Amino acid sequence: MKRIPVAGPWITDLEVDLVTRAVREAWYEGAGDYHARFEAAFAAFTGRRFAMALPSCTSALHLALAALGIGPGDEVIVPDITWIATAAPITYVGATPVFADIDPDTWCLSPASVEACLSPRTRAVIAVDLYGQMPDMAALSELARRHRIALVEDAAQAVGSAFDGRPAGAFGDVSAFSFHGSKTLTTGEGGMWLTDREDLHARALTLRDHGRPPGDRLFYNTEVAFKYRMSAMQAALGLAQLQRVDELVAKKRQIFEWYRSGLSATSGVSLNRPAPGTESGYWMVTALLDPRLGIEKGQLMERLAAEGIDSRPLFHPLSSLPAYRDCSAARDARARNNMAYSLSPWGVNLPSALCLTEEDVARVCDCLKRIVAAR
Ligand SMILES: *Cc1c(COP(=O)(O)O)cnc(C)c1O
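Remember, predicted model here, so these are calculated numbers, not experimental data. (Residues numbered from 1 in each chain as written. Predicted model: local features only at pLDDT ≥ 70, side-chain atom pairs only at ≥ 80, totals over all residues. Heavy atoms only, no water.)

1. As for the overall build of the protein chain
To keep things clear, this is the line we draw: Starting at the N terminus, helices and strands are each numbered in turn, a helix being any DSSP run of H or I of at least four residues and a strand any DSSP run of E of at least two. In this treatment the radius of gyration is a C-alpha quantity, and the globule benchmark scales as 2.2 Å times the residue count to the 0.38 power. Partly exposed describes any residue whose relative accessible area lies between the buried limit of under 20% and the exposed limit of over 50%, with all areas from a 1.4 Å probe on protein chains only and scaled to the type maximum. Note on contacts: a residue pair is in contact if any heavy atoms of the two residues lie within 4.5 Å. Surface exposure here means Shrake-Rupley accessible area, sampled with a 1.4 Å probe, where a residue is shielded only by the protein chains that are shown. His is not counted, nor are the chain ends; Lys and Arg add positive charge and Asp and Glu add negative charge. Charge positions come from single atoms, namely NZ of Lys, CZ of Arg, CG of Asp or CD of Glu.
The helix and strand inventory of the protein chain stands at 13 helices and 14 strands. Radius of gyration (C-alpha) of the protein chain: 21 Å, near the 21 Å computed for a compact globule of 375 residues. Principal-axis analysis of the C-alpha atoms gives the protein chain an extent of 70 × 55 × 35 Å. Split into buried and exposed, the 375 residues of the protein chain put 56% on the buried side. Within the protein chain, residue pairs in contact and separated by at least 24 positions form 71% of the contacts whose partners lie at least 6 positions apart. With an accessible surface of roughly 15700 Å², the protein chain has 54% of that area assigned to carbon and sulfur atoms. Of the charged side chains in the protein chain, 39 are positive and 43 negative; the average position of the first set lies 2 Å away from that of the second.

2. Thoughts on the packing of aromatic side chains
Condition: Paired rings are identified among Phe, Tyr and Trp, the last through its six-membered ring, by centres lying within 6.5 Å, and are further divided according to the angle between planes into stacked (under 30 degrees), edge-to-face (over 60) and tilted (the rest).
Enumeration according to the criterion identifies 12 aromatic pairs in this entry. Judged by centre distance (5.9 Å) and plane angle (80°), the ring pair of Phe 38 and Phe 42 falls under edge-to-face. One end of the pair, Phe 38, and the other, Phe 42, are both in helix α2 (residues 33-46), four residues apart, so they sit about a helical turn from each other. Overall, the relative accessible area of 0% leaves Phe 38 in the buried class. What makes Phe 42 buried here is its relative accessible area of 0%. Feature note: the residues Phe 38, Phe 42, Phe 45, Phe 177 and Phe 179 constitute an aromatic cluster, connected by ring pairs.

3. Here's the deal with the environment of Arg 123
As for its placement among the helices and strands, Arg 123 is situated in strand β4 (residues 122-128). For Arg 123, a relative accessible area of 31% puts it in the partly exposed group. Sequence separation between Arg 123 and Glu 75 is 48 residues, and the spatial gap between their C-alpha atoms is 5.9 Å. Residues in contact with Arg 123, not counting those within four places in the same chain, are Leu 68, Gly 69, Ile 70, Asp 74, Glu 75, Ile 149 and Ala 150.

4. Regarding the site of the ligand
Test applied: By convention in this text, a residue qualifies as near a molecule or strand provided that one of its non-hydrogen atoms is within 4 Å of it. Each polar contact in these results corresponds to two N or O atoms within 3.5 Å; when the atoms are within protein, one needs to be able to donate a hydrogen and the other to accept it, and residues that are neighboring in sequence are counted only if both atoms are side-chain atoms. The nonpolar class holds Ala, Val, Leu, Ile, Met, Phe, Trp, Tyr, Cys and Pro. Asp, Glu, Lys and Arg form the charged class, and all remaining residues, Gly among them, are polar.
Inspection of the region around the ligand gives 14 residues, with Thr 58, Asp 154, Gln 157, Ser 178 and Lys 183 positioned closest. Within the backbone of Cys 57, an N or O atom sits 2.9 Å from an oxygen atom of the ligand. A distance of 2.7 Å separates an oxygen atom of the ligand from a polar atom in the side chain of Gln 157. Considering the ligand on its own, with 390 Å² of exposed area, one finds that the protein chains cover 92% of that surface. The residue inventory of the shell around the ligand, partitioned by class, reads five nonpolar, seven polar and two charged.

5. A look at the sheet that holds strand β6 (residues 162-163)
Note the cut-off: The pairing criterion for strands is at least two bridges between them, as found by DSSP.
In spatial order, the strands read β7-β6-β11; together these three strands make up an open sheet with antiparallel pairing. Of all strands in the sheet, those with a lone pairing partner are β7 (166-167) and β11 (278-279), marking the two edges.

6. Quick notes on the environment of Val 159
Structurally, Val 159 is set in the loop between β5 (150-154) and β6. Measuring from C-alpha to C-alpha, the distance between Val 159 and Phe 177 comes to 7.9 Å, with 18 residues separating the pair along the chain. Setting aside chain neighbours within four positions, we find Val 159 in contact with Phe 45, Phe 177, Thr 184, Leu 185, Val 245, Val 249 and Gly 281.

7. Comments concerning helix α8 (residues 232-243)
The cut-off we apply is this: Given a helix with a known number of residues, its expected span is that number minus one, times 1.5 Å.
Compared with an ideal rise of 1.5 Å per residue, which puts 12 residues at 16 Å, α8 spans 16 Å between its outermost C-alpha atoms and is within 8% of the ideal. α8 sits mainly inside the fold: nine of its 12 residues count as buried. Every buried residue of α8 is listed here: Ala 232, Ala 235, Ala 236, Leu 237, Gly 238, Leu 239, Ala 240, Gln 241 and Leu 242.

8. Here's the deal with the pairing of strand β3 (residues 96-100)
Counting buried positions along β3 gives four out of five residues, so the element sits mostly inside the fold. With five bridges connecting them, strand β2 (residues 75-79) and β3 associate as parallel partners. Directly across from Ile 77, in β3, lies its bridge partner Val 98.

9. Points about the pairing of β4
Operational definition: By convention, orient the strands away from the viewer: a clockwise path from the first strand over the helix to the second makes the crossover right-handed.
Of all seven residues in β4, six are buried, a share of seventy percent or more. Of the strand pairs in this sheet, β4 and β5 are connected by five bridges, and their pairing is parallel. Within the sheet, the bridge partner assigned to Ala 127 lies in β5 and is Glu 153. Note that the unit made of β4, helix α6 (residues 137-146) and β5 has a crossover that is right-handed.

10. Things to note about the state of the cysteines
This is how the line gets drawn: Criterion for a disulfide: a pair of cysteine sulfur atoms at a distance within 2.5 Å.
Taken as a whole and assessed by the stated rule, the structure comprises zero disulfides. Free of any disulfide, Cys 57 has its nearest neighbouring cysteine sulfur in Cys 108, separated by 14 Å. By relative accessible area, Cys 57 is classed as buried at 8%. Free cysteine Cys 367: the closest other cysteine sulfur is in Cys 365, separated by 10 Å.

11. Points about the sheet that holds β2
The following threshold applies: A fitted line through C-alpha atoms represents every axis, and for helices the fit uses only the stretch in contact; the resulting angles, taken between N-to-C directions, go from 0 to 180 degrees.
Taking strand neighbours across the sheet as the criterion, the seven strands line up as β1-β9-β8-β5-β4-β2-β3 in an open arrangement whose pairing is mixed. Each of the sheet's edge strands pairs with one partner strand only, and the pair in question is β1 (50-54) and β3. Averaged over all adjacent pairs, the angle separating strand axes in this sheet is 20°, with direction ignored. Alignment of β1 against strand β9 (residues 191-195), held across five bridges, turns out to be antiparallel. The partner of Leu 54 across the bridge, within β9, is Gly 191. Seen against the sheet, α2 touches β1, β8 (174-178) and β9 and runs at an angle of roughly 55° to β9. Along the sheet, α6 contacts β4 and β5; its crossing angle with β5, the most-contacted strand, is approximately 150°.

Structure, rendered in structure tokens:
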């Protein structure tokens with residue numbers, strides 16, 4: 001029986017051709033060509049002024065906090081439900097993460113909870129477009145403006161999503177994408193930094209190159225900083241994937257639609273749905289089981305695995321993880337974030353890899369229905 005993978009890319013000859021050209025040509029005077037093309041194309045895709053290709057989304061978020069000058073004594077608000085890469089860079093710069101609750105409909109950062117988490121030390125909010133859903137970006141942008149704090153959009157999971165007609169990645173002082181192999185658009189490993197602010201972009205260009213200001217020819221470092229670049233081969237892969245982005249996102253939407261129709265008559269199982277006024281790129285189809293079924297996410301994953309179906313748990317609240325055991329803000333979050341704690345035990349990401357066929361999805365739906373019916 002073929003194993004059904006949970007996530008993975010769609011690579012065609014176009015990608016192979018461009019990467020092959022890059023490995024032959026992108027040296028000497030051509031060394032930066034593919035980066036420049038990928039960055040320009042990605043800036044246009046998101047409507048941003050500046051783009052910078054990076055080795056990961058984690059490094060983009062790290063640079064965002066560093067370029068904003070956030071450090072020890074500062075607090076940064078993040079949703080309690082997200083991948084730890086959203087929050088880890090807060091610790092890298094010596095600041096303190098504050099975990100806010102999620103909205104019951106979007107599963108993304110709740111603006112009301114952010115408001116409740118503000119303190120005189122709050123310097124920034126990182127909003128996450130979870131599984132391709134979008135938080136209320138209008139409310140979060142307004143809140144950030146009103147309190148004079150920075151807004152960063154972690155759009156790692158949101159290629160193809162939109163809020164109020166504006167694409168994911170268009171929001172906040174800085175936004176960041178991931179091109180990890182599990183993401184909709186991949187470069188193997190990789191990320192993108194985006195901003196409209198010239199001051200932040202100039203700062204990040206220096207910070208990502210060991211403290212060398214752009215144009216430095218003398219290897220005269222002005223500070224101790226970081227080394228964050230992707231290779232030309234990765235940039236070529238990203239450029240080819242971006243040329244096919246409509247096709248990639250259409251396949252994700254098709255996969256969601258197969259699940260939606262396959263599970264529509266199954267009571268007790270609901271899927272992630274975008275809120276009104278937003279569109280989802282459906283990075284991961286996520287099933288939320290009615291707690292009355294009594295099937296926790298770990299049990300469901302085990303039963304799916306027994307039938308050759310890979311899945312992932314809906315993120316555990318960050319404040320519940322051993323990684324934040326000694327963080328006092330995590331203690332407060334555990335008491336405050338009812339929605340994060342009540343949804344997280346019952347959610348599972350279903351296989352959403354770009355290689356899936358309609359038959360694969362039918363097999364997953366069939367298996368899920370049998371598990372639910374057996375209760
Ligand atoms: C994948 C992901 C990241 C990290 O991306 P990397 O490229 O692996 O660093 C950050 N945030 C979210 C929400 C992600 O899903």
